[in-house]
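Observations on the model geometry
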Amino acid sequence: MRLSVRPTLRALRDLRLVFPPLDHALEQLDQPLVRKAQDLPEEVGAGGAERVLSLNDRVWFKVKTNDERGAAGDLDSPEAYEVPLRGWWLVAAGRRQQDTPNKDFYARLTAECLREGKGTGGVSTDGLLPDDIDYRRWSAESTALAVTAMRRLVRQAVVRSAHDGKLWTVTVMHHVIGALVRNTDGESYLAVTAEGYYDHKLVAVLLDAIPGVPKDDWGVEPGPVLGIAPSEGQIVFSTMLPPETLCSLLDEDDGDCL
C-alpha cells in the first residue's frame, strides 16, 4: 500500500492554505508540493531521496518542485491519539529563491532550527514536529472519511438490491452491513442488517445513510422480515422506502431514475 505524506498546519500556512473540510484527506490536496511529497516514501525506499543534512537531530528529506521547497520525515505518533503509530509528514514549506545563504529555503530553515536549539550546540527540529491540532485533525478526518465511505457503500448496496431484489452485503469498519429492497403492492420496503459488535454510533450512521427516511420511521425487527431471519449477533431494521428516496438513490448511482 502506498504511504501518504500529510502536511502539518504549519506547512499549510507556509503554503498559504488552511485545513479543508474533514471529509477531504490532507494528502490529497491539489497543491504541487503536497502532490510531490506523496512520492517521498517510495523515493526513500529506493534510496533516491535527498537528506536535509544540516538538520541532523532527526532524519529529514527534501521535497522539491520547480518553485517550491519542503522538508518531510517519517515520525512516531504520540500514544494519546487514535492514529497510526507512525506517519510521514510535510512539516515546512517555502518558495524556491536564489540560492544564497540568506535566501535559500533550507538555509533559512536551518537558521530557524539553530535558534530553537540555542544553548545545545546544535539544531533542534522540535518546533517542526506535528502539533496537537495535527493529530486531532488526523483522528477526526479518519472518522469523517470512514463515515463517508460507509454511507456510500450502504447506498450502493440498497441500489443493487433495488435492481435485482437480492440481499447485498458490504463490510464496513469490521461490520457486515446488508440491504434488501422488496416491492409489495406498489410499495417499496427496505430491510438493513448489521452484524458484528453493536455500536450505537455506527447504527446511527447506517440509518442516516438513507436520505428522506426519518429515524423514527425505522423499526427494529425481532423476527423475520422480507425473508430475513435475524441470526445471533445480527440486528435488522426495516422501513418503507419513499418513492422519491429510491429515485434519488438510483439517480445518485447511475444518473438515470426510471
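Data block above holds the structure.
Residues numbered from 1 in each chain as written. Predicted model: local features only at pLDDT ≥ 70, side-chain atom pairs only at ≥ 80, totals over all residues. Heavy atoms only, no water.

So, on to the packing of helix 5 (residues 132–164) against helix 6 (residues 200–208). Two numbers describe how helix 5 lies on helix 6: the axes approach to 9 Å, and their chain directions differ by 50°. When the axis of helix 5 is compared with that of helix 6, the two are oblique. The interaxial crossing formed by helix 5 with helix 6 has right-handed handedness. Side by side, helix 5 and helix 6 meet where Val 147, Met 150, Arg 151 and Val 154 of the first sit next to Leu 202, Val 205, Leu 206 and Asp 208 of the second. Taken together, the residues of the contact of helix 5 with helix 6 sort by class into six nonpolar, no polar and two charged. (Axes fitted to C-alpha atoms, helices over the stretch in contact; angles between N-to-C directions. Helix = DSSP H or I, 4+ residues; strand = E, 2+ residues; numbered from the N terminus. Parallel < 35°, antiparallel > 145°, perpendicular 65-115°, else oblique. Left-handed = near helix turned anticlockwise from the far one by under 90°. Contact = heavy atoms within 4.5 Å. Nonpolar A, V, L, I, M, F, W, Y, C, P; charged D, E, K, R; others polar.)

Turning our attention to the packing of aromatic side chains. Any pair of aromatic rings gets described here by the distance separating the centres and the angle formed by the planes. Taken as a whole and assessed by the stated rule, the structure comprises six aromatic pairs. Their ring planes at 40° and their centres at 6.1 Å tell us that Phe 61 and Trp 88 sit as a pair that is tilted. On the criterion of sequence distance, the pair formed by Phe 61 in strand 2 (residues 61–64) and Trp 88 in strand 4 (residues 86–95) is long-range, its members being 27 residues apart. As far as burial versus exposure is concerned, Phe 61 and Trp 88 are alike and both buried. For the pair Trp 89 and Tyr 135, a centre-to-centre distance of 5.5 Å together with 70° between the ring planes defines the contact as edge-to-face. Placement of Trp 89 in strand 4 and of Tyr 135 in helix 5 is noted, with a sequence separation of 46 residues between them. In terms of burial, Trp 89 and Tyr 135 fall into one category: buried. (Phe/Tyr/Trp six-rings, centres within 6.5 Å; stacked < 30°, edge-to-face > 60°. Buried < 20%, exposed > 50% of the residue type's maximum accessible area, 1.4 Å probe, protein only.)

Our focus in this paragraph is the side chain of Arg 69. You can see Arg 69 is positioned in strand 3 (residues 68–76). Polar side-chain contacts of Arg 69 include one of 2.6 Å to the backbone oxygen of Thr 65. Beyond its immediate chain neighbours, meaning those up to four positions away, Arg 69 contacts Leu 33, Val 63, Lys 64, Ala 92, Ala 93, Gly 94, Arg 96, Phe 105 and Tyr 106. (Polar contact = N/O pair within 3.5 Å; in protein donor to acceptor, adjacent residues only side chain to side chain.)

Below, the discussion takes up the nonpolar core. In this structure, Ile 177, Leu 190, Leu 206, Ile 210 and Trp 218 are the most contacted members of the largest nonpolar core, which totals 28 residues. Counting residues per element, the ones that place at least two in this core are helix 5, strand 5 (168–172), strand 6 (175–184), strand 7 (187–195), helix 6, strand 9 (234–241) and helix 7 (243–254). Look past the residues within four positions of Ile 210 in its chain and what remains in contact with it is Val 154, Val 158, Leu 190, Trp 218, Leu 241, Thr 245 and Leu 249. Grouped together as the second largest cluster of nonpolar side chains are 17 residues, Trp 60, Val 83, Val 123 and Trp 138 included. (Core = buried A, V, L, I, M, F, W, Y, C linked by side-chain atoms within 4.5 Å.)

Turning next to the environment of Glu 112. With respect to the helices and strands, the residue Glu 112 is situated in helix 4 (residues 105–116). Between the C-alpha atoms of Glu 112 and Gly 48, which are 64 residues apart in sequence, the distance is 26 Å. Not counting chain neighbours up to four residues away, the residues in contact with Glu 112 comprise Arg 10 and Leu 128. At 3.0 Å, the side chain of Glu 112 and the side chain of Arg 10 are in polar contact.

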